[in-house]
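Report on the structure
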Amino acid sequence: MATVSVKDLVLNFGAVKVLRDLNLNIPTGEFLVLLGASGSGKSTLLNCIAGLLDVTDGQIFIDDKNVTWSEPKDRGIGMVFQSYALYPQMTVKGNLSFGLKNAKLPKAEIEKRIERAASVLQIEPLLDRKPSALSGGQRQRVAIGRALVRDVDVFLFDEPLSNLDAKLRADLRVEIKRLHQRLKNTMIYVTHDQVEAMTLADRIAVMSQGIILQLDTPNVIYNRPANKYVAGFIGSPEMNFLDGSLSGAKADIFETDDKKIKLSGYTFSEQNRSSAQSAILGVRPEQVAVNDHAEAMPVTESVEVELVEPMGADTLVWSTFAKQPFRFRMEGTAIVSPGDKVKIGFDPAKASLFDTDTELRL
Amino acid sequence: MADTILNPVAEARGPRPKKAFSRANIFIYGTLLLVSVYYLLPLYVMIVTSFKGMPEIRLGNVFGPPLEPTFQPWVKAWAEACTGINCDGLSRGFSNSVKILIPSVTLSILIASVNGYALANWKFKGSETFFTILIIGAFIPYQTMLYPIVIMLREIKLMGSIWGLVLVHTVFGMPILTLLFRNYFTSIPDELFKAARVDGAGFWGIYFKIMLPMSLPIIVVAIILQVTGIWNDFLFGVIYTKPDTYPMTVQLNNIVNSVQGVKEYNVNMAATLLTGLVPLVIYFISGKLFVRGIAAGAVKG
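Only a predicted model underlies this, so the values are computations on that prediction, with no experimental measurement involved. (Residues numbered from 1 in each chain as written. Chains lettered and ligands numbered in written order. Predicted model: local features only at pLDDT ≥ 70, side-chain atom pairs only at ≥ 80, totals over all residues. Heavy atoms only, no water.)

With respect to the interface of chain B and chain A
Condition: Should any heavy atoms of two residues lie within 4.5 Å, those residues are considered in contact. Computed with a 1.4 Å rolling probe, the buried area is the accessible surface lost when two parts are put together, summed over both parts. Definition used for salt bridges: Asp or Glu carboxyl oxygen within 4 Å of a side-chain nitrogen of Lys or Arg. N or O atoms within 3.5 Å of each other form a polar contact, as long as, within protein, one can give a hydrogen and the other can take it, and as long as residues adjacent in sequence are counted only when both atoms are side-chain atoms. Put simply, DSSP marks the helices as runs of H or I at least four residues long and the strands as runs of E at least two long, and each gets a number from the N terminus on.
Residue-level contacts link 14 residues of chain B with 26 residues of chain A. Taken over both partners, the interface formed by chain B and chain A buries close to 1700 Å², and the fraction arising from carbon and sulfur atoms is 60%. Broken down residue by residue, the surface that chain B buries against chain A is led by Glu191, Val198 and Asp199 of chain B, which jointly contribute 40%. The interface formed by chain B and chain A holds 3 salt bridges in total. When the shortest N-O distance is used, the salt bridge between Asp199 of chain B and Arg146 of chain A registers 4.0 Å. The interface formed by chain B and chain A holds 9 residue pairs in polar contact (both at pLDDT 80 or more) in total. Looking at the side of chain B that touches chain A, the elements that each hand over two or more residues are α8 (190-198) and α9 (203-214) of chain B.

Structure below.
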C-alpha cells in the first residue's frame, strides 16, 4: 500500500510545455482517474509516474520515497497499456513470469504468484497460449495479470479499455472496480471516457493543456464543476450554456435575452462577482423538467421542439431558449415531433454559473 | 412486349463474367512474356554454351543445344583454370569468398541491429544527428574513400588480408543496415518496450528477449542484402586483397579477361554461372521472407 505524490512537476518536449507545475497527492488505496481529451497531458503524467519519461523539473514520491530518478522497476508499480503490449513470442505464462524472472525470484514463488493471478483473473486455461490466440478481452486480462503478479503497491492504467468493443469494455470496467475493492491498491487510471471515470473513480482529476483543472469526487465534478471546460467535458449530452449577464444589488440575478432568472438557492463560490458583469449559466439537459413536472420549477418556459434524438431510455430534444440553442432530456416513451410546443422548467439552484472571461465557477 | 426481351443487365446475378482474352490481358501478358524472354535468353545461351566443347562453339550456332554435352568446362572452371601463377580454378576464390562472407555478414548484422535498436528505443542526446551522419555516409561515393582506407588498413596491418576486407564490408554495410533495423524497431509498438522496462528488463534484456525474437523477417532481409552485396563485390575485393586472397568475383574476372591463349567461352560461361550460384540460391530459399521483411520495415520510418 502506498501513497503517490507529485510535486511541481514540469515536462517540456522541446518548446512544448506538456505538464506545467503539476501537483497531485494520492492517498493509499485511492482509485484516481486522470480524465482529459487527447493532448491534455494525462498519459504523459502517468508515464512520468511510471518512470518511462524523464521529467524536466519537479519531484515524484511513491510511498514517501523520492523516486524521481528511479528506474521503472524500482518504483513498485505495475502498468497496463492500451495496446495490451503483451510479448508476442511468449506464452501467457511467459508474459506473466517475465518481470519476476528479471527480478530473479525463486521458481516456486513465481509459480505461486502466476497461479494466484490467473485464478483472480480467470485466465488459468489460457496459460499456455500465445497472445495472438487470445481475444481482446483475454489479452487485456493477461496484461492486468502481468501487473498483478508483480505484487506492487501502485497500479497504473493507461486507457486500458479503449481498444475493446463496447460490451467488453463495460464488463472489464466492472472487473477492474471489483479488483480494486478486493486488492485495495492505489490505482491511477488514465482515460478520456467520462463513463469510465465516473464509475470507477474515488476522485477524478480533469486535465487540460498540462494542468489539473479540478480534482474532486465524481459527484462534485458533475454537480459543481469548477469551470466551464470541466462542465462541458463531463456529462453527456453536453451541458447547455446560456450567455448573459448578472444584475441586482447582490449580483444574484442572471439576465439573458429578455429573461431575468433569480438565482435563489444557488451556492455561490468564493470567486468575486459584480453586478452587470457578463456570465454564463450552465444547465444540464437531464436537469430540465418537462410538462407537468415543469410547473414546480422556479424557471419555466414554453419552447418549440426543433429536433428529436430518440436514444431508447430517453429522448434528447433540441430547442431554443432565450434565443440560444437548448437541449433537454425527455422520457424515452415521450412522443414529440418537431414543431410541438413543450413546457420546460429548471431549478437555477442546481445550475452552474461561470464568469465569461475567466470561465471559473461563480 | 418489354418482358419478352432478354435484358442481360436485368438478369445479372452472381460473379461478373470475365473475358480471358481482353485487350488489357493480352497487353499485360504480352509485356511479361517479352521481358521474360529478354532476361532468360542470355541465361539460356550461357547454360548451353557451358556444356559445349570448343570445336562446337567455333561453328557459331549460339542458340543451338549442345550436340555432345560435356562437363569438362565446369570442371576446368572450378578446379583447373589459371589465374596468374595459381592453376586451381575458381575453387580458391570460392573458399576465399566464403571466408570473407560469413564473418562480414554476421558482424555487420550483429552491430547494425544493436545500432538500430539503440537509435529506435533508447534515444539519447544527439541520436538523431548521429543517425543522419550515418545515413549521409551511404551517399558518399566509394571512390573518394578507397585510398584513405588503403592507408588505414596498412597502418593496422590488415592490408591484403581477408580480415581487412571483412572490416571494410562491415563498416560499409552499417548505414543501410542500421536504417533497416531502426525502421523495423520503430514500427514495433512503443508500449511493448515500456512494458518490458516496467518489468525490469534492461538494455540487453529487452534486446535479446523482446526485440530480437521479433525481428526474424528483418534479419532475413539483412542477410540477403549483405550476402548478395558482399558476394558480388568486386571493387573492394580487387583493391584490399592480394592474389592469394582474391574473392571469387575478382578471380572470375581474371579468368574471363585473360588475354593470353584461346578464349575458352565454355569455361568462361561455366565460371560465371558458378559465381552467380550463391546469391541465386539465397534468393530462391528466402524470396517470400524477403518481400515480407522489406514491407515490414518500410511501412513506418
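Description of the domain arrangement of chain B
All names here are of chain B. The following threshold applies: Where a domain begins and ends is set by an automatic assignment or by a domain database.
Partitioning chain B into structural domains gives domain 1 (24-70) and domain 2 (91-298). For domain 1 and domain 2, the distance between their C-alpha centres works out to 33 Å. Across the boundary between the two partners, domain 1 contributes 10 residues, which contact 9 residues of domain 2. Both faces considered, domain 1 and domain 2 share a buried interface measuring about 710 Å² in area, 81% of it formed by carbon and sulfur atoms.

Points about the UniProt feature "domain: ABC transporter" (unreviewed entry) in chain A
Convention followed: UniProt positions are given in the numbering used here, feature names are shortened, and annotations may be inferred rather than shown by experiment.
Mapped onto the present numbering, the UniProt feature "domain: ABC transporter" (unreviewed entry) falls at residues 4-234 of chain A. As a span, residues 4-234 of chain A carries 37% helix and 26% strand, and end to end its C-alpha atoms are 25 Å apart.

Brief notes about the environment of Thr186 of chain A
Residues and elements named next belong to chain A. Within the secondary structure, Thr186 sits in strand β8 (residues 186-191). Leaving out residues up to four positions away in the same chain, Thr186 has contacts with Ala2, Val4, Ile26, Pro27, Thr28, Gly29, Glu30, Asp153, Val154 and Phe155. Among the polar contacts made by the side chain of Thr186, one reaches the main-chain carbonyl oxygen of Ala2 at a distance of 2.5 Å. At a separation of 3.0 Å, a polar atom in the side chain of Thr186 contacts the main-chain amide nitrogen of Gly29.

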